[in-house]
Amino acid sequence: MATIEEPKNKLKLYSYWRSSCSCRVRIALNLKGLSYEYIPVNLVKGEQFNPEILKLNPLGYVPVLVDGDFVVSDSFAILMYLDEKYPQHPLLPRDLHKKAINYQAANIVSSSIQPLQNLAVLKFIEEKVSPDEKLPWVQYHIRNGFAALEKLLKDHAGRYATGDEIFLADLFLAAQLHAAIKRFNVDMTPFPLLSRLHEAYNELPAFQNGMPENQPDTPSSSTT
Amino acid sequence: MEHKSQQRDLATSSPNLVLYSYWQSSCAWRVRFALNLKGLSYEYKAVNLAKGEQFSPEFERLNPLHFVPVLVDGDVVVSDSYAILLYLEEKYPQKALLPDDPQRRALNLQAASIISSSIQPLHMLSMLKYFEEKMGPDEALLWGQSCVEKGFLALERLLKDFAGRYATGEAVFMADVFLAPQIAVALMRFKIDMSKFPTLGRIYESCKGLPEFVGSLPQSQPDAEQ
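The name given to chain B in an unreviewed UniProt entry is glutathione transferase, with the source organism recorded as Hevea brasiliensis. Listed in UniProt under the heading Sequence similarities (unreviewed entry), the comment for chain B reads: "Belongs to the GST superfamily. Zeta family." Quoted straight from UniProt, the Catalytic activity (unreviewed entry) entry for chain B says "RX + glutathione = an S-substituted glutathione + a halide anion + H(+)".

If you look chain A up in an unreviewed UniProt entry, it shows as glutathione transferase from Hevea brasiliensis. In UniProt, chain A has this text filed under Sequence similarities (unreviewed entry): "Belongs to the GST superfamily. Zeta family."

If you want it as C-alpha coordinates, here you go:
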(Lines give C-alpha, C1' and ligand atoms only; values in the text may rest on other atoms or scores of the structure.)
Protein backbone atom coordinates (compact mmCIF):
# COMPACT_ATOMS: atom_id res chain seq x y z
CA MET A 1 0.00 0.00 0.00
CA ALA A 2 1.37 3.42 -0.92
CA THR A 3 2.51 5.76 1.85
CA ILE A 4 -0.03 8.39 2.72
CA GLU A 5 1.67 11.65 1.87
CA GLU A 6 0.47 14.79 3.54
CA PRO A 7 1.14 18.30 2.30
CA LYS A 8 3.46 20.46 4.43
CA ASN A 9 1.15 23.45 4.01
CA LYS A 10 -2.55 23.28 3.50
CA LEU A 11 -3.50 22.91 -0.13
CA LYS A 12 -5.54 25.67 -1.71
CA LEU A 13 -7.90 25.15 -4.59
CA TYR A 14 -9.29 28.00 -6.64
CA SER A 15 -12.55 26.66 -7.92
CA TYR A 16 -16.00 27.51 -9.24
CA TRP A 17 -18.86 25.32 -8.07
CA ARG A 18 -20.13 24.59 -11.55
CA SER A 19 -16.78 24.19 -13.31
CA SER A 20 -16.52 20.58 -14.37
CA CYS A 21 -12.74 20.99 -14.63
CA SER A 22 -12.69 22.02 -10.96
CA CYS A 23 -14.99 19.09 -10.15
CA ARG A 24 -12.42 16.58 -11.46
CA VAL A 25 -9.78 17.96 -9.09
CA ARG A 26 -12.15 18.12 -6.12
CA ILE A 27 -12.88 14.41 -6.58
CA ALA A 28 -9.17 13.58 -6.78
CA LEU A 29 -8.41 15.51 -3.58
CA ASN A 30 -11.23 13.65 -1.84
CA LEU A 31 -10.03 10.25 -3.09
CA LYS A 32 -6.51 10.95 -1.88
CA GLY A 33 -7.77 12.16 1.49
CA LEU A 34 -6.23 15.59 1.01
CA SER A 35 -7.92 18.44 2.80
CA TYR A 36 -7.80 21.84 1.15
CA GLU A 37 -8.90 25.41 1.47
CA TYR A 38 -11.62 26.16 -1.08
CA ILE A 39 -11.25 29.59 -2.65
CA PRO A 40 -14.26 30.42 -4.80
CA VAL A 41 -13.84 32.29 -8.06
CA ASN A 42 -17.13 33.43 -9.54
CA LEU A 43 -16.64 33.05 -13.28
CA VAL A 44 -20.00 34.53 -14.17
CA LYS A 45 -19.07 37.71 -12.32
CA GLY A 46 -15.63 37.74 -13.94
CA GLU A 47 -13.77 37.30 -10.66
CA GLN A 48 -11.03 35.39 -12.46
CA PHE A 49 -9.88 38.77 -13.74
CA ASN A 50 -9.56 40.39 -10.30
CA PRO A 51 -5.98 41.58 -9.74
CA GLU A 52 -5.38 39.30 -6.73
CA ILE A 53 -6.52 36.26 -8.69
CA LEU A 54 -4.68 37.24 -11.85
CA LYS A 55 -1.48 37.73 -9.87
CA LEU A 56 -1.67 34.13 -8.78
CA ASN A 57 -3.00 32.78 -12.03
CA PRO A 58 -2.47 35.09 -15.00
CA LEU A 59 -4.46 32.74 -17.16
CA GLY A 60 -7.75 33.48 -15.47
CA TYR A 61 -8.76 29.84 -15.57
CA VAL A 62 -10.00 27.57 -12.82
CA PRO A 63 -9.06 25.24 -11.26
CA VAL A 64 -5.75 26.38 -9.78
CA LEU A 65 -3.96 24.38 -7.11
CA VAL A 66 -1.52 25.99 -4.70
CA ASP A 67 0.75 23.64 -2.76
CA GLY A 68 3.12 25.80 -0.72
CA ASP A 69 5.22 27.58 -3.36
CA PHE A 70 3.97 25.40 -6.15
CA VAL A 71 1.17 26.78 -8.31
CA VAL A 72 -0.37 24.73 -11.07
CA SER A 73 -3.48 25.21 -13.16
CA ASP A 74 -5.29 23.05 -15.72
CA SER A 75 -7.06 20.02 -14.37
CA PHE A 76 -4.92 17.51 -16.27
CA ALA A 77 -1.65 19.03 -15.06
CA ILE A 78 -3.02 19.29 -11.51
CA LEU A 79 -4.14 15.66 -11.47
CA MET A 80 -0.79 14.40 -12.76
CA TYR A 81 1.01 16.55 -10.16
CA LEU A 82 -1.20 15.28 -7.34
CA ASP A 83 -0.72 11.70 -8.44
CA GLU A 84 3.05 12.02 -8.40
CA LYS A 85 3.30 13.97 -5.14
CA TYR A 86 0.60 12.13 -3.16
CA PRO A 87 0.58 8.56 -4.46
CA GLN A 88 -2.16 7.22 -2.16
CA HIS A 89 -5.14 6.07 -4.20
CA PRO A 90 -3.27 6.18 -7.51
CA LEU A 91 -5.17 7.75 -10.38
CA LEU A 92 -3.51 5.66 -13.06
CA PRO A 93 -3.32 1.87 -13.48
CA ARG A 94 0.09 0.22 -13.82
CA ASP A 95 -0.72 -1.47 -17.11
CA LEU A 96 0.28 0.84 -19.97
CA HIS A 97 -2.55 -0.15 -22.26
CA LYS A 98 -5.11 0.51 -19.54
CA LYS A 99 -3.33 3.76 -18.74
CA ALA A 100 -3.66 4.79 -22.40
CA ILE A 101 -7.41 4.06 -22.27
CA ASN A 102 -7.65 6.38 -19.27
CA TYR A 103 -5.75 9.13 -21.10
CA GLN A 104 -7.99 8.75 -24.13
CA ALA A 105 -11.23 8.83 -22.18
CA ALA A 106 -10.03 11.87 -20.22
CA ASN A 107 -9.11 13.68 -23.43
CA ILE A 108 -12.38 12.86 -25.18
CA VAL A 109 -14.01 14.74 -22.32
CA SER A 110 -11.45 17.54 -22.00
CA SER A 111 -10.95 18.25 -25.72
CA SER A 112 -14.06 17.08 -27.52
CA ILE A 113 -16.86 17.74 -25.06
CA GLN A 114 -16.17 20.16 -22.21
CA PRO A 115 -14.59 23.01 -24.22
CA LEU A 116 -17.72 23.14 -26.34
CA GLN A 117 -19.99 23.73 -23.37
CA ASN A 118 -18.03 26.35 -21.49
CA LEU A 119 -19.38 29.82 -20.80
CA ALA A 120 -17.45 31.74 -23.45
CA VAL A 121 -18.49 29.44 -26.29
CA LEU A 122 -22.12 29.35 -25.23
CA LYS A 123 -22.20 33.13 -25.03
CA PHE A 124 -20.81 33.32 -28.56
CA ILE A 125 -23.40 30.91 -29.93
CA GLU A 126 -26.13 32.81 -28.14
CA GLU A 127 -25.02 36.14 -29.57
CA LYS A 128 -24.01 35.19 -33.08
CA VAL A 129 -26.40 32.38 -33.87
CA SER A 130 -29.34 32.39 -31.48
CA PRO A 131 -30.14 31.56 -27.85
CA ASP A 132 -32.18 28.60 -29.15
CA GLU A 133 -29.11 27.11 -30.73
CA LYS A 134 -27.16 26.78 -27.45
CA LEU A 135 -28.76 23.68 -26.06
CA PRO A 136 -28.87 21.69 -29.32
CA TRP A 137 -25.21 22.61 -29.87
CA VAL A 138 -24.11 21.34 -26.47
CA GLN A 139 -26.28 18.23 -26.67
CA TYR A 140 -24.87 17.38 -30.10
CA HIS A 141 -21.28 17.50 -28.90
CA ILE A 142 -22.02 15.64 -25.69
CA ARG A 143 -23.82 12.88 -27.61
CA ASN A 144 -20.95 12.62 -30.07
CA GLY A 145 -18.41 12.31 -27.29
CA PHE A 146 -20.56 9.90 -25.29
CA ALA A 147 -21.02 7.63 -28.32
CA ALA A 148 -17.25 7.50 -28.71
CA LEU A 149 -16.76 6.80 -24.99
CA GLU A 150 -19.28 3.93 -25.07
CA LYS A 151 -17.23 2.31 -27.83
CA LEU A 152 -13.83 3.05 -26.25
CA LEU A 153 -14.74 1.66 -22.85
CA LYS A 154 -16.96 -1.24 -23.92
CA ASP A 155 -14.18 -3.85 -23.70
CA HIS A 156 -12.44 -2.33 -20.69
CA ALA A 157 -15.10 -1.28 -18.19
CA GLY A 158 -15.79 -3.20 -15.03
CA ARG A 159 -17.53 -1.70 -12.06
CA TYR A 160 -15.96 1.57 -13.21
CA ALA A 161 -14.74 2.95 -16.51
CA THR A 162 -11.56 0.92 -17.00
CA GLY A 163 -12.01 -1.92 -14.53
CA ASP A 164 -13.08 -2.46 -10.97
CA GLU A 165 -11.07 0.42 -9.54
CA ILE A 166 -11.47 4.15 -9.87
CA PHE A 167 -8.95 5.81 -12.17
CA LEU A 168 -8.43 9.05 -14.05
CA ALA A 169 -11.13 8.38 -16.65
CA ASP A 170 -13.77 8.13 -13.90
CA LEU A 171 -12.99 11.62 -12.60
CA PHE A 172 -13.43 13.17 -16.04
CA LEU A 173 -16.51 11.09 -16.78
CA ALA A 174 -18.24 11.77 -13.47
CA ALA A 175 -17.96 15.53 -13.89
CA GLN A 176 -19.08 15.41 -17.51
CA LEU A 177 -21.98 13.04 -16.86
CA HIS A 178 -23.22 15.27 -14.09
CA ALA A 179 -23.22 18.29 -16.40
CA ALA A 180 -24.82 16.36 -19.26
CA ILE A 181 -27.65 15.00 -17.15
CA LYS A 182 -28.29 17.77 -14.63
CA ARG A 183 -27.57 20.85 -16.73
CA PHE A 184 -28.06 19.91 -20.35
CA ASN A 185 -30.83 17.28 -20.15
CA VAL A 186 -29.08 14.81 -22.40
CA ASP A 187 -31.12 11.67 -22.99
CA MET A 188 -28.91 8.85 -21.70
CA THR A 189 -30.86 5.99 -23.33
CA PRO A 190 -28.26 5.47 -26.09
CA PHE A 191 -25.47 5.27 -23.48
CA PRO A 192 -26.06 2.26 -21.20
CA LEU A 193 -22.48 1.93 -20.00
CA LEU A 194 -22.15 5.62 -19.15
CA SER A 195 -25.55 5.52 -17.42
CA ARG A 196 -24.37 2.63 -15.28
CA LEU A 197 -21.14 4.48 -14.45
CA HIS A 198 -23.10 7.59 -13.47
CA GLU A 199 -25.12 5.51 -11.00
CA ALA A 200 -21.92 3.97 -9.62
CA TYR A 201 -20.35 7.42 -9.08
CA ASN A 202 -23.49 8.55 -7.24
CA GLU A 203 -22.72 5.94 -4.58
CA LEU A 204 -19.26 7.24 -3.80
CA PRO A 205 -18.85 9.99 -1.15
CA ALA A 206 -15.55 11.17 -2.67
CA PHE A 207 -17.42 11.86 -5.90
CA GLN A 208 -20.58 13.28 -4.39
CA ASN A 209 -18.63 15.67 -2.18
CA GLY A 210 -16.92 17.01 -5.29
CA MET A 211 -20.13 17.64 -7.24
CA PRO A 212 -21.32 21.18 -8.05
CA GLU A 213 -24.28 21.14 -5.66
CA ASN A 214 -22.07 20.45 -2.63
CA GLN A 215 -19.53 23.26 -2.79
CA PRO A 216 -19.07 26.25 -0.49
CA ASP A 217 -19.99 28.61 -3.33
CA THR A 218 -23.00 26.68 -4.59
CA PRO A 219 -25.85 29.21 -4.76
CA SER A 220 -28.53 28.30 -2.24
CA SER A 221 -31.20 28.48 -4.92
CA SER A 222 -29.45 26.03 -7.21
CA THR A 223 -30.54 22.44 -7.52
CA THR A 224 -27.84 21.41 -9.95
CA MET B 1 4.46 4.45 -47.23
CA GLU B 2 7.59 4.66 -45.09
CA HIS B 3 8.29 7.93 -43.38
CA LYS B 4 11.86 9.05 -43.86
CA SER B 5 12.97 10.01 -40.39
CA GLN B 6 16.00 12.18 -39.97
CA GLN B 7 17.26 10.48 -36.86
CA ARG B 8 16.78 6.83 -36.27
CA ASP B 9 17.61 5.05 -33.04
CA LEU B 10 17.47 1.51 -34.33
CA ALA B 11 17.94 -0.01 -30.91
CA THR B 12 14.70 1.47 -29.64
CA SER B 13 12.56 2.04 -32.73
CA SER B 14 9.53 -0.12 -33.03
CA PRO B 15 8.72 -1.72 -36.36
CA ASN B 16 5.07 -1.98 -35.25
CA LEU B 17 4.20 1.71 -35.19
CA VAL B 18 1.52 2.89 -37.59
CA LEU B 19 0.31 6.48 -37.61
CA TYR B 20 -3.00 7.44 -39.15
CA SER B 21 -2.53 11.05 -40.17
CA TYR B 22 -3.65 13.81 -42.48
CA TRP B 23 -0.99 16.13 -43.78
CA GLN B 24 -2.84 19.31 -42.75
CA SER B 25 -3.96 18.13 -39.31
CA SER B 26 -2.14 20.07 -36.60
CA CYS B 27 -2.96 17.31 -34.11
CA ALA B 28 -1.31 14.68 -36.30
CA TRP B 29 1.58 17.10 -36.77
CA ARG B 30 2.23 17.06 -33.01
CA VAL B 31 2.65 13.29 -33.07
CA ARG B 32 4.82 13.31 -36.19
CA PHE B 33 7.10 15.83 -34.47
CA ALA B 34 7.23 13.73 -31.30
CA LEU B 35 7.97 10.50 -33.17
CA ASN B 36 10.83 12.22 -34.99
CA LEU B 37 12.23 13.61 -31.72
CA LYS B 38 12.21 10.13 -30.21
CA GLY B 39 13.84 8.67 -33.31
CA LEU B 40 10.91 6.34 -33.89
CA SER B 41 10.18 5.19 -37.41
CA TYR B 42 6.60 4.45 -38.36
CA GLU B 43 4.33 3.57 -41.23
CA TYR B 44 2.31 6.56 -42.42
CA LYS B 45 -1.30 5.83 -43.27
CA ALA B 46 -3.08 8.76 -44.81
CA VAL B 47 -6.69 9.53 -43.92
CA ASN B 48 -8.04 12.13 -46.34
CA LEU B 49 -10.25 14.30 -44.15
CA ALA B 50 -11.31 16.47 -47.07
CA LYS B 51 -12.71 13.38 -48.80
CA GLY B 52 -14.39 12.09 -45.63
CA GLU B 53 -12.19 9.01 -45.24
CA GLN B 54 -12.40 9.40 -41.47
CA PHE B 55 -15.97 8.12 -41.70
CA SER B 56 -15.04 4.78 -43.27
CA PRO B 57 -16.04 1.72 -41.19
CA GLU B 58 -12.38 0.68 -40.87
CA PHE B 59 -11.34 4.03 -39.47
CA GLU B 60 -14.40 4.28 -37.26
CA ARG B 61 -13.26 1.06 -35.59
CA LEU B 62 -9.94 2.72 -34.79
CA ASN B 63 -11.43 6.02 -33.62
CA PRO B 64 -15.19 6.41 -33.21
CA LEU B 65 -14.72 10.18 -32.99
CA HIS B 66 -13.35 10.13 -36.55
CA PHE B 67 -10.32 12.22 -35.68
CA VAL B 68 -6.69 11.81 -36.60
CA PRO B 69 -4.14 11.08 -35.29
CA VAL B 70 -4.42 7.45 -34.28
CA LEU B 71 -1.34 5.48 -33.31
CA VAL B 72 -1.28 1.71 -33.61
CA ASP B 73 1.54 -0.04 -31.73
CA GLY B 74 1.14 -3.76 -32.21
CA ASP B 75 -2.24 -4.52 -30.70
CA VAL B 76 -2.51 -1.24 -28.81
CA VAL B 77 -4.58 1.50 -30.48
CA VAL B 78 -4.29 5.02 -29.08
CA SER B 79 -6.17 8.02 -30.41
CA ASP B 80 -5.90 11.66 -29.36
CA SER B 81 -2.55 13.39 -29.62
CA TYR B 82 -2.34 14.14 -25.87
CA ALA B 83 -2.96 10.50 -24.97
CA ILE B 84 -0.55 9.36 -27.69
CA LEU B 85 2.20 11.65 -26.36
CA LEU B 86 1.83 10.33 -22.82
CA TYR B 87 1.77 6.76 -24.10
CA LEU B 88 4.90 7.29 -26.23
CA GLU B 89 6.63 8.96 -23.32
CA GLU B 90 6.22 5.89 -21.17
CA LYS B 91 6.75 3.19 -23.77
CA TYR B 92 9.71 4.83 -25.52
CA PRO B 93 11.47 6.94 -22.90
CA GLN B 94 14.38 8.03 -25.10
CA LYS B 95 14.52 11.78 -25.67
CA ALA B 96 12.14 12.54 -22.82
CA LEU B 97 9.33 14.93 -23.73
CA LEU B 98 8.47 15.70 -20.12
CA PRO B 99 11.15 17.10 -17.79
CA ASP B 100 11.77 15.58 -14.36
CA ASP B 101 11.46 18.89 -12.52
CA PRO B 102 7.87 19.01 -11.17
CA GLN B 103 7.30 22.69 -11.97
CA ARG B 104 8.46 22.38 -15.58
CA ARG B 105 6.70 19.08 -15.95
CA ALA B 106 3.41 20.67 -14.86
CA LEU B 107 4.02 23.61 -17.19
CA ASN B 108 4.45 21.31 -20.16
CA LEU B 109 1.27 19.40 -19.35
CA GLN B 110 -0.57 22.67 -18.85
CA ALA B 111 0.65 24.34 -22.04
CA ALA B 112 -0.18 21.27 -24.11
CA SER B 113 -3.60 21.13 -22.49
CA ILE B 114 -4.35 24.78 -23.23
CA ILE B 115 -3.62 24.08 -26.88
CA SER B 116 -5.44 20.77 -27.13
CA SER B 117 -8.50 21.79 -25.10
CA SER B 118 -8.86 25.56 -25.25
CA ILE B 119 -7.57 26.46 -28.68
CA GLN B 120 -7.58 23.77 -31.34
CA PRO B 121 -11.01 22.19 -30.72
CA LEU B 122 -12.66 25.58 -31.11
CA HIS B 123 -11.20 26.32 -34.52
CA MET B 124 -10.74 22.92 -36.12
CA LEU B 125 -12.00 22.72 -39.67
CA SER B 126 -15.27 20.95 -38.88
CA MET B 127 -16.02 23.61 -36.28
CA LEU B 128 -15.20 26.47 -38.67
CA LYS B 129 -17.43 24.89 -41.27
CA TYR B 130 -20.35 24.94 -38.83
CA PHE B 131 -19.74 28.58 -37.96
CA GLU B 132 -19.41 29.49 -41.62
CA GLU B 133 -22.79 27.96 -42.30
CA LYS B 134 -24.42 29.67 -39.36
CA MET B 135 -22.84 33.09 -39.42
CA GLY B 136 -20.83 33.45 -42.60
CA PRO B 137 -17.12 33.09 -43.36
CA ASP B 138 -16.07 36.48 -41.95
CA GLU B 139 -17.54 35.85 -38.52
CA ALA B 140 -16.16 32.33 -38.53
CA LEU B 141 -12.67 33.64 -39.25
CA LEU B 142 -13.00 36.26 -36.50
CA TRP B 143 -14.07 33.53 -34.11
CA GLY B 144 -11.05 31.40 -35.03
CA GLN B 145 -8.74 34.36 -34.59
CA SER B 146 -10.17 35.28 -31.21
CA CYS B 147 -9.81 31.69 -29.93
CA VAL B 148 -6.21 31.61 -31.00
CA GLU B 149 -5.41 35.05 -29.59
CA LYS B 150 -7.05 34.29 -26.26
CA GLY B 151 -5.12 31.04 -25.97
CA PHE B 152 -1.85 32.59 -27.11
CA LEU B 153 -2.21 35.36 -24.55
CA ALA B 154 -2.60 32.74 -21.85
CA LEU B 155 0.41 30.81 -23.13
CA GLU B 156 2.54 33.94 -23.39
CA ARG B 157 1.81 34.71 -19.74
CA LEU B 158 2.35 31.12 -18.69
CA LEU B 159 5.70 30.65 -20.40
CA LYS B 160 7.18 34.14 -20.21
CA ASP B 161 9.26 33.49 -17.09
CA PHE B 162 10.28 29.95 -17.97
CA ALA B 163 11.03 29.94 -21.68
CA GLY B 164 14.54 29.86 -22.99
CA ARG B 165 15.21 28.82 -26.52
CA TYR B 166 12.19 26.57 -26.13
CA ALA B 167 8.98 26.78 -24.13
CA THR B 168 10.32 25.66 -20.76
CA GLY B 169 14.04 26.09 -21.13
CA GLU B 170 16.82 25.01 -23.44
CA ALA B 171 15.45 21.64 -24.48
CA VAL B 172 12.42 20.64 -26.53
CA PHE B 173 9.55 19.16 -24.55
CA MET B 174 5.84 18.41 -24.88
CA ALA B 175 4.84 22.09 -24.77
CA ASP B 176 6.95 22.78 -27.86
CA VAL B 177 5.54 19.72 -29.63
CA PHE B 178 2.04 21.15 -29.22
CA LEU B 179 2.96 24.79 -29.67
CA ALA B 180 4.93 24.78 -32.90
CA PRO B 181 2.19 23.23 -35.09
CA GLN B 182 -0.42 25.46 -33.44
CA ILE B 183 1.60 28.60 -34.23
CA ALA B 184 2.09 27.42 -37.81
CA VAL B 185 -1.68 27.05 -38.21
CA ALA B 186 -2.26 30.39 -36.51
CA LEU B 187 -0.05 32.06 -39.08
CA MET B 188 -1.31 30.19 -42.13
CA ARG B 189 -5.01 30.03 -41.45
CA PHE B 190 -5.68 32.98 -39.15
CA LYS B 191 -2.89 35.44 -40.00
CA ILE B 192 -2.17 36.04 -36.34
CA ASP B 193 0.28 38.85 -35.64
CA MET B 194 2.92 37.01 -33.63
CA SER B 195 4.66 40.23 -32.59
CA LYS B 196 2.00 40.37 -29.86
CA PHE B 197 3.40 37.11 -28.49
CA PRO B 198 7.19 37.51 -28.51
CA THR B 199 7.96 34.50 -26.29
CA LEU B 200 5.85 32.22 -28.46
CA GLY B 201 7.38 33.69 -31.61
CA ARG B 202 10.86 32.98 -30.36
CA ILE B 203 9.95 29.40 -29.46
CA TYR B 204 8.51 28.90 -32.93
CA GLU B 205 11.68 30.15 -34.59
CA SER B 206 13.73 27.72 -32.50
CA CYS B 207 11.50 24.78 -33.45
CA LYS B 208 11.60 25.70 -37.13
CA GLY B 209 15.35 25.08 -37.06
CA LEU B 210 14.99 21.47 -35.92
CA PRO B 211 15.25 18.73 -38.56
CA GLU B 212 12.70 16.77 -36.55
CA PHE B 213 10.26 19.62 -36.99
CA VAL B 214 11.04 20.08 -40.67
CA GLY B 215 10.41 16.40 -41.24
CA SER B 216 7.01 16.73 -39.60
CA LEU B 217 5.83 19.66 -41.76
CA PRO B 218 2.58 19.10 -43.66
CA GLN B 219 4.24 19.60 -46.99
CA SER B 220 6.80 16.88 -46.19
CA GLN B 221 4.15 14.20 -45.72
CA PRO B 222 3.35 11.44 -48.23
CA ASP B 223 -0.23 12.73 -48.67
CA ALA B 224 0.72 16.39 -49.14
CA GLU B 225 -1.00 18.00 -52.07
CA GLN B 226 0.83 20.51 -54.24
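Now, onward.
What follows is about the interface of chain B and chain A. At the interface, 41 residues of chain B touch 38 residues of chain A. Of the roughly 3400 Å² buried where chain B meets chain A, counting both sides, 66% is carbon and sulfur surface. By the criterion of area lost to chain A, the three top residues of chain B are Leu65, Glu90 and Gln110 of chain B, representing 15% of everything that side buries. Counting across the interface, chain B meets chain A through 5 salt bridges. Note that Arg105 of chain B and Glu84 of chain A form a salt bridge whose closest N and O atoms lie 3.3 Å from each other. For the interface between chain B and chain A, the tally reads 11 residue pairs in polar contact (both at pLDDT 80 or more). Within the residue set of the side of chain B that touches chain A, elements represented by two or more residues are β4 (76-79), α3 (81-91), α4 (102-123), α5 (125-135) and α6 (137-159) of chain B. Of the residues that constitute the side of chain B that touches chain A, the class distribution is 24 nonpolar, 7 polar and 10 charged.

Here we take up the sheet that holds strand β2 (residues 36-40) of chain A. Paired through backbone hydrogen bonds, the strands of a sheet run either parallel or antiparallel to each other. Residue and element names in this part refer to chain A. If you trace the 4 strands from one edge of the open sheet to the other, you get β2-β1-β3-β4, paired in mixed fashion. Each edge of the sheet is formed by a strand with only one pairing partner; in this case those strands are β2 and β4 (70-73). Taken over all neighbouring pairs, the strand axes of this sheet differ in orientation by 20° on average, direction set aside. Two strands pair when backbone bridges link them, and strand β3 (residues 64-67) and β4 are joined in this way by 4 bridges, in the antiparallel orientation. Each residue of the ladder has a partner; that of Val64, found in β4, is Ser73.

Before going further, it helps to examine the packing of helix α1 (residues 20-31) of chain A against helix α7 (residues 168-183) of chain A. All names here are of chain A. Where α1 meets α7, the closest approach of the two axes is 9 Å, and the angle between their N-to-C directions is 130°. Classified by the angle their axes make, α1 and α7 are oblique. When you trace α1 past α7, the crossing you get is right-handed. Contacts between α1 and α7 pair Ser20, Cys23, Arg24, Ile27, Ala28 and Leu31 from the former with Leu171, Phe172, Ala174 and Ala175 from the latter.

So, how was this worked out
- Residues numbered from 1 in each chain as written.
- Chains lettered and ligands numbered in written order.
- Predicted model: local features only at pLDDT ≥ 70, side-chain atom pairs only at ≥ 80, totals over all residues.
- Heavy atoms only, no water.
- UniProt positions renumbered as here; feature names shortened; annotations may be inferred.
- Contact = heavy atoms within 4.5 Å.
- Buried area = accessible area lost by both parts, 1.4 Å probe.
- Salt bridge = Lys/Arg side-chain N within 4 Å of Asp/Glu carboxyl O.
- Polar contact = N/O pair within 3.5 Å; in protein donor to acceptor, adjacent residues only side chain to side chain.
- Helix = DSSP H or I, 4+ residues; strand = E, 2+ residues; numbered from the N terminus.
- Nonpolar A, V, L, I, M, F, W, Y, C, P; charged D, E, K, R; others polar.
- Pairing = 2+ DSSP bridges.
- Axes fitted to C-alpha atoms, helices over the stretch in contact; angles between N-to-C directions.
- Parallel < 35°, antiparallel > 145°, perpendicular 65-115°, else oblique.
- Left-handed = near helix turned anticlockwise from the far one by under 90°.

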